[in-house]
Amino acid sequence: VQYDLMPNVMLYASYGKGTKSGGFASSATFLEKSEYSNETARTIEAGVKARDADRRWLFNLSQFNTDVDNFQVVTFDGQAFNIFNTDLRSKGFELEANWRPVDALRLFLTNTYADAKDRRTGQAIPLAPKWTGSGGFNVRQNLTSGVDLLVDGSIDYRSSRTYQQDPTASLIGNAFTTYNLSLAVADTAERWEVRLIGRNLSDKRAVAFSFPTPIIGTQSAIAERPRTVALQVSLKR
């Protein structure tokens, strides 16, 4: 359902239902425990979408509530891959905004708040931070009649998160923010591009996944990707 509040402002509300069939997990430790049941998700969403007539700016804001029955879980607890179904609920809001003050520059911001919990236990969902988002800019400017300069930068972030069904069983992943920048020269007709890409330029360190180490009683962890710099060449025929 939608209602045009103004020519470029729309209010809306929606309800959706989706399903996934059951199956078998290929990473199961024990074959007889590899089966999971079908999954059903129901989402209610309402919000506002707005933009100017010249499409110089855009603003979308929505609130959502999603219930998932028999959510399919495949998780490693340090000893085995566990496969099972549980019930989840995620509620929050999403924001999307961008603005083009001049033709060569676009500013953008995205943000999601999602309070996701297991409806059976009331505990937080693994790998589900409450806050995620990104903000940055894109620049495209002519250098010559056939070559453009492109500059893209962003700050990406997430809040802390857990990694096991029992949040106290492993390390907590602290909040993680990265600074990213890329510089490129490209054909105006987009037939070729040479780009230098830098990710996590501040070399921020954080835990990407953790699990209890069997027998010795410590914790094992996988780190987020450190600072990376890459050169990318693209050709289109």
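Since the model is a prediction, treat every value here as computed from it, not as a measurement.

Chemist: Can you tell me about the overall build of the protein chain, naming the residues and giving the values?
Modeler: When you go through the protein chain residue by residue, the secondary structure sums to 0 helices and 15 strands. Expected size for 237 residues packed as a compact globule is a radius of gyration near 18 Å; at 22 Å, the protein chain overshoots this value by more than 25%. The proportion of buried residues among the 237 residues of the protein chain is 35%. Across the protein chain, every contact between residues at least 6 apart in sequence was considered, and the portion connecting residues at least 24 apart equals 56%. A gap of 2 Å separates the mean positions of the 28 positive and 25 negative side-chain charges of the protein chain.

Chemist: Which residues make up the pattern of salt bridges, and what values do they have?
Modeler: Enumeration according to the criterion identifies 13 salt bridges in this entry. Asp-152 is the partner of Arg-195 in a salt bridge, and the nearest nitrogen-oxygen pair spans 2.8 Å. A residue pair is termed long-range when its members are at least 10 positions apart, and Arg-195 in strand β12 (residues 192-199) and Asp-152 in strand β10 (residues 147-158) qualify at 43 residues. With respect to class, Arg-195 is no different from Asp-152; both count as buried. One connected set of salt bridges, linked through shared partners, spans Arg-42, Asp-69 and Arg-119.

Chemist: How would you sum up the pairing of strand β8 (residues 105-118)? Please name residues and give values.
Modeler: Pairing geometry for strand β7 (residues 81-102) and β8, over 13 bridges, is antiparallel. What sits directly across from Gly-92, in β8, is Ala-114. Here 9 bridges tie β8 to strand β9 (residues 131-142), and the two strands are oriented antiparallel to one another. Of the residues in β9, the one forming a bridge with Phe-108 is Gly-136.

Chemist: With reference to specific residues and values, describe the pairing of strand β15 (residues 228-235).
Modeler: Taking burial as the measure, the 8 residues of β15 include 0 buried ones, a minor fraction of the element. Across 8 bridges, the pairing between β12 and β15 is antiparallel. Residue Leu-196 lies in a different strand from β15, and its bridge partner there is Leu-231.

Chemist: Mind laying out the packing of aromatic side chains, listing which residues take part and the relevant values?
Modeler: Counting across every chain of the model gives 7 aromatic pairs. Ring centres 6.0 Å apart and planes at 25° place the aromatic pair Phe-93 and Tyr-113 in the stacked group. Of this pair, Phe-93 sits in strand β7 while Tyr-113 sits in strand β8, and the two are 20 residues apart along the sequence. The class of Tyr-113 is partly exposed, set by a relative accessible area of 22%. Between the NZ or CZ atom of Lys-33 and the centre of the ring of Phe-30, over which it lies, the distance is 5.5 Å.

Chemist: I'd like a rundown of the side chain of Ser-62, residues and numbers included.
Modeler: Tracing the chain through its elements places Ser-62 in strand β6 (residues 57-76). Ser-62 sits in the buried class, given a relative accessible area of 8%. The residues contacting Ser-62, other than those within four sequence positions of it, are Tyr-12, Glu-45, Ala-46, Gly-47, Gly-92, Phe-93 and Glu-94.

Chemist: A description of the side chain of Asp-148 should follow, citing residues and the corresponding values.
Modeler: Looking at the element boundaries, Asp-148 is found in strand β10. Within the local environment of Asp-148, its side chain forms a polar contact with the side chain of Asn-142, the two groups lying 2.5 Å apart. At 3.1 Å, the side chain of Asp-148 forms a polar contact with the side chain of Thr-188. Beyond its immediate stretch of four places on either side in the chain, Asp-148 contacts Arg-140, Gln-141, Asn-142, Leu-143, Ala-184, Val-185, Ala-186 and Thr-188.

Quick notes on the rules
- Residues numbered from 1 in each chain as written.
- Predicted model: local features only at pLDDT ≥ 70, side-chain atom pairs only at ≥ 80, totals over all residues.
- Heavy atoms only, no water.
- Helix = DSSP H or I, 4+ residues; strand = E, 2+ residues; numbered from the N terminus.
- Rg over C-alpha atoms; globule rule 2.2 N^0.38 Å.
- Buried < 20%, exposed > 50% of the residue type's maximum accessible area, 1.4 Å probe, protein only.
- Contact = heavy atoms within 4.5 Å.
- Lys, Arg positive; Asp, Glu negative; His and termini not counted.
- Charge placed at Lys NZ, Arg CZ, Asp CG, Glu CD.
- Salt bridge = Lys/Arg side-chain N within 4 Å of Asp/Glu carboxyl O.
- Pairing = 2+ DSSP bridges.
- Phe/Tyr/Trp six-rings, centres within 6.5 Å; stacked < 30°, edge-to-face > 60°.
- Lys NZ or Arg CZ within 6 Å of the ring centre and 35° of its normal.
- Polar contact = N/O pair within 3.5 Å; in protein donor to acceptor, adjacent residues only side chain to side chain.

Honestly, that's just the spatial picture; any functional story needs more than this.
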